[in-house]
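# Summary of structural features
If you want the building blocks of each chain, they are given just below.
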Amino acid sequence: MNIGVASEKSGLPSKTIRYYEDIGLLHPARTDNGYRDYSTADIHRLRFLQRSRSLGFSVDECRQLLSLYQDRERDSADVKAIAKAKLVEIDRKIAELVGLRGLLHHLVSHCHGDERPDCPIIDELAGQGVAQ
């Protein structure tokens, strides 16, 4: 099938599919005239990549996961280790965002938001604030 059909069946834009090929995540066959010819297995790999990326896995992590996906002799422990590392990263990001939210909430609640020029938000952004 051509890239348009592959895009439709995988839910990925053609540009993304070409990118995945450029970085070696996908190797579609070529027709005699040089056009890409995607197989059903290619579509499965593209869907796998789409779902992996939607879970926040990086391209390098997707490369590892795709390799494990294609390896029927894989240890599930290897897959779990990648997923656990991603979970730790997500938890760290959530904690960071919660902290940022708390700081911004504090600043917003202490800003009068009126015609006066003094503003704890500006002071904090300028490095002059005393945020909690």
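Residue indices begin from 1 for each chain and proceed along its sequence in written order. At least 70 in pLDDT is required for a residue's local features to be given in this predicted model, at least 80 for side-chain atom pairs to be given and counted, and no such filter applies to totals for whole chains, interfaces and linings, which use all residues. For the side-chain quantities, the full set of heavy atoms in the structure was used; hydrogens and water were omitted.

## Focus on helix α1 (residues 3–10)
Filter applied, for reference: A 1.4 Å probe rolled over the protein chains alone gives each residue an accessible area, and that area as a share of the maximum for its type sets the label: buried under 20%, exposed over 50%, partly exposed in between. Labels follow the DSSP assignment, with helices taken as runs of H or I lasting at least four residues and strands as runs of E lasting at least two, numbered in each case from the N terminus. It is the directions from the helix axis to the C-beta atoms that the arc portrays. Contact definition: two residues touch when any of their heavy atoms are within 4.5 Å. We define a polar contact as two N or O atoms separated by no more than 3.5 Å, with the added condition that, inside protein, one atom must be a possible hydrogen donor and the other a possible acceptor, whereas residues neighbouring each other in sequence contribute only through side-chain atom pairs.
Residues of α1 that are buried include every one of Ile3, Ala6, Ser7 and Ser10, and no others. One face of α1 carries all of its buried residues, which in axial projection span an arc of 100°. Looking at the packing, one finds that the buried side of α1 touches α2 (14–22), β2 (36–37) and α3 (40–54). Where α1 begins, the side chain of Asn2 points an oxygen toward the backbone nitrogen of Gly4, at a separation of 3.0 Å. Within two residues after α1, Gly11 carries a phi angle of roughly 80°, on the positive side.

## A short note on the environment of His106
Examined against the element boundaries, His106 turns out to sit in helix α5 (residues 76–109). Along the chain, His106 and Ile121 lie 15 residues apart, while their C-alpha atoms are 9.2 Å from each other.

## What to know about a nonpolar patch on the surface
What counts is decided by this rule: Distance thresholds for patches are 9 Å for like charges and 5 Å for nonpolar side chains (Val, Leu, Ile, Met, Phe, Trp, Tyr), applied to residues having over 30% relative accessible area and no salt bridge. Areas reported as accessible are Shrake-Rupley estimates using a 1.4 Å probe. Residue values count occlusion only from the protein chains shown. One speaks of a salt bridge when a side-chain nitrogen belonging to Lys or Arg is within 4 Å of a carboxyl oxygen belonging to Asp or Glu.
A cluster of nonpolar side chains, contributed by Ile90, Ile94 and Val98, occupies part of the molecular surface with about 250 Å² of accessible area. For Ile90, the location among the structural elements is in helix α5.

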